[in-house]
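A look at the structure
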Amino acid sequence: MLTLALATVRTRLATFAGTFAALALGVSVIATMTLVLAAASGGNPHQRPERFAAVPYVIQVDPDLQVRDRYGSVDSVPLLAQPDVPASVVTQLPGVLPDRSFYAQVEGVPAAQPALGHGWSSAAFAPYVLTSGHAPSADDEIVVAGPATVGSRVSVVTAGGSRTYTIAGTVRPRTGEQPIFFTDAEAARLSPGVDALVTYDAATASRAAGLPGAHLQVLTGADRHEADPGAVQDATELTGLTTFLGVAAMLSAFVAITVTATAFGLSVAQRRRDLALLRSLGATPKQVMRTICAEAALVGAGGSAVGCLLGLVWAPQLASWIVRQGLAPSWFSVYFSTGSVLALAIAFLAGVAVAVLSVLVAAFRAGTIRPTDALREAAVEPKRIGRFRLLGGLVAACCGVAALAAVALIFRSAATDPKTAAEIVIVLIGGTALLSPFLLRSLTRPFGRGTAGMLLRANIVTGARRAAAVIVPVLITAGLAMSILGVNDTANAAANAGQHQQAADADFVVLPAGTPGLTTALLERLHSVSGVEATAVTDTSMLAYQPRITSLNLQSPIPLPVTAIGLDEPSAALNLKVIAGSLTGLDDQTIAVDSSWNEHVGDTMDIWRPDGTSVSLKVIAVVAASLSGPSLIVDQHNAGTAMPDRAYVKTDSADSDAALLAAVRSEDARVVPVSAWSAAVNDQQAKQNQVGLELLLGIAIAYSAIGIASTLLMSASGRRSELSLLHKTGATRRQIVWIVAAESLVLTVLGIVLSAVVSCLVLGGLYLALAGSVSVVLPWPLVGAILAGCVVIAVLASTLPAWFQLRPRPGVVEV
């Protein structure tokens, strides 16, 4: 069988060219995504420590929270902020040196790297070497990195506010941060918490690792990079990138598998008479099946090998694009590692598996071909299409609708999750693709009027498998575009609505200017202005056990991140719909929750602060639940050490407006009217989401478009005799091309209609989950361009081959 398969592939290269190309491109997509995903998951093994390059051991609190779930297992949950080293631990480790890192920036000097302050003793950890002046000896002296005038007075902004210091010296700058060094006493005043401990003694490091209940980790070697200032930000970016890449890889794999399987199935269907000839020569059904599977394996192995090579070329380019778009750290790249070998192996095996699995049903069908079919002049498909395809399509469609209903009515928090939306879209599109041959007779009924329409409909209905092979890539392209883009834009509209709701009663929003947040001094000035009510808001996340969704207790066994906001002083400037209790009296012992938690005023709730500190808080208010609003509301202390992101301000007169501007003018902040701030938020979110969507949908839609063209080209090559017969019976070349163009146009429209049904289901479920708070939003220009592209590609890919196939050939007399 292998010899026969080799001979068949060698002599029918044109027949297998389409399936080979589809498979190679599909595997290249899978290889590219898995290679980049492996690089993002593995971090950067070549990254060297910067801040602690000169010390052998760095001691930190474990950044993962160790919790015991309800099943008795111990799980690790990543914390949202690096915990401070407890003072009790410092006293148990004599000889260790404390390291403090906190926000500090010379006012008016832009920071290209994280602007951080440290005690002078931390300078030796890198090391930073004095290039001029001397070390700070008084609490009003500092040492800065880079060129500066020793003895000059500068204002330094910290979380507490601005203060004037004298530059006592300068050090040579290093990559990773833009530091300012204070005396150790001043650094302890500005940032009482200890971020890390440093020791040069191996015994001390070993003792730290074994301290009971301290949950310390000792970093040495290349792992010391995890304590660098940018390590947390890099890890956050890579985590977000891994999520995006996971969704993009899932979509790309689905598109590649579906289009490749369709191409293989169409290839086998077009060889029906050839396979019948094998049966007439004595081949048994099993031999025919083994031959087809062997052909698929050969084509799969060759196509997968080419696809892996293309993936090696495209993966670094994709990584560079990701870095340019700001979705990954500047050092991120695709490098060769064990993970790369595994990624290529997965892509190669997936390609071969897809090739073989996609022809199993077709091979079984080919094995049942009767030898007499070889005597037929017309290659008409059998009227019946496999019942397993019908059953699979119904099951997939029902599962997709059930999952959509569950998200819309029960698990509403997952409605705006791109991964959840992609999974539901994949199931629904897969079910619709399987059912498409059974829907053709009903869907084409409006096109069957008149002689031309009757001929057009007959061509489509009698060639149901060929028609379905054309519809599926269009369905995938249009379905993904409308569903994913619609979910993304609607979720953005919901998020914007949540921001608008919070600021609905405010007149102005105070935003940081050149700093990571609003300083304590600025907030004190705001609250002291007569006629001004202000509330500072810090966006954060906290860990908590999610509420029970049903009586079956369907909740995660471990605490999960929950969106939260921290408030300094609730006021009339903040608009939250309170349905029970009051936000008045919110402090570090109380909390407000939304109604989805099923908590009541007076209940006690256990949560974890961003640094992993466990607290039990009393519920004093319940607010209306919203997918776009905060789930938890705490005071500024429980929100962590991050500086407030904004302050909502309500004024009572023009004099108050002027006083507000005067209070903010001397600080690193700006005052923006609520309407202008809302527009700025919309623009920023739209830009960020657009970059993510380019990564998420670009490859999948591009490959689907290629699938449309390749499927139609294969279909045209299999209809050569049919078109020739039409030409011989009197149809002109132009008439035949018009018929082919009309048929491809109808099939494309049918694919768009089916994709619109899928998209309506998905977006309708999202609308229900949002309880009608926002309308469904679709980027119609972009969607229209994608749909128009499908039509143009389909028409050109079908008419051009037909036009050239029917061109007069010199020396040939047609009979």
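Attention in this report is confined to the structure presented alongside it. (Residues numbered from 1 in each chain as written. Predicted model: local features only at pLDDT ≥ 70, side-chain atom pairs only at ≥ 80, totals over all residues. Heavy atoms only, no water.)

Section: the packing of helix α10 (residues 387–409) against helix α18 (residues 733–769)
At a minimum axis distance of 7 Å, the contact between α10 and α18 shows a crossing angle of 20 degrees. With respect to α18, the element α10 is oriented roughly parallel. In this structure, the crossing between α10 and α18 has a hand that is right-handed. Contacts between α10 and α18 involve Leu404, Val407 and Ala408 on the former and, on the latter, Leu761, Val762, Gly765, Leu768 and Ala769. Counted by class, the contact of α10 with α18 contains seven nonpolar, one polar and no charged residues. (Axes fitted to C-alpha atoms, helices over the stretch in contact; angles between N-to-C directions. Helix = DSSP H or I, 4+ residues; strand = E, 2+ residues; numbered from the N terminus. Parallel < 35°, antiparallel > 145°, perpendicular 65-115°, else oblique. Left-handed = near helix turned anticlockwise from the far one by under 90°. Contact = heavy atoms within 4.5 Å. Nonpolar A, V, L, I, M, F, W, Y, C, P; charged D, E, K, R; others polar.)

Things to note about the packing of aromatic side chains
Aromatic ring pairs are defined here through the distance separating the ring centres and the angle between the ring planes. As enumerated under the stated definition, the model contains six aromatic pairs in all. Consider the rings of Phe102 and Phe182, whose centres lie 5.7 Å apart with planes at 35 degrees: the pair is tilted. Separated by 80 residues along the polypeptide, Phe102 in strand β5 (residues 102–106) and Phe182 in strand β11 (residues 178–182) bring together distant segments of the chain. Among the residues examined, Phe102 registers a relative accessible area of 9% and is labelled buried. With relative accessibility at 0%, the residue Phe182 sits in the buried group. Plain terms: the ring middles of Trp120 and Phe181 are 5.6 Å apart, the flat faces sit at 90 degrees to each other, and that makes the pair edge-to-face. Note that Trp120 is positioned in the loop between β6 (115–119) and β7 (130–133) and Phe181 in strand β11, a separation of 61 residues in sequence. (Phe/Tyr/Trp six-rings, centres within 6.5 Å; stacked < 30°, edge-to-face > 60°. Buried < 20%, exposed > 50% of the residue type's maximum accessible area, 1.4 Å probe, protein only.)

Quick word on the pairing of strand β22 (residues 646–651)
Most of β22 sits out of view: five of its six residues are buried. As defined by bridge partners, strand β14 (residues 508–512) adjoins β22 across three bridges and the pair is classed as antiparallel. Among the inter-strand pairings, Val509 is bridged to a residue of β22, identified as Tyr648. As judged from the six bridges shared by strand β15 (residues 532–544) and β22, these two strands associate in the antiparallel manner. Looking at β22, one finds that Ala534 is bridged to Val649. (Pairing = 2+ DSSP bridges.)

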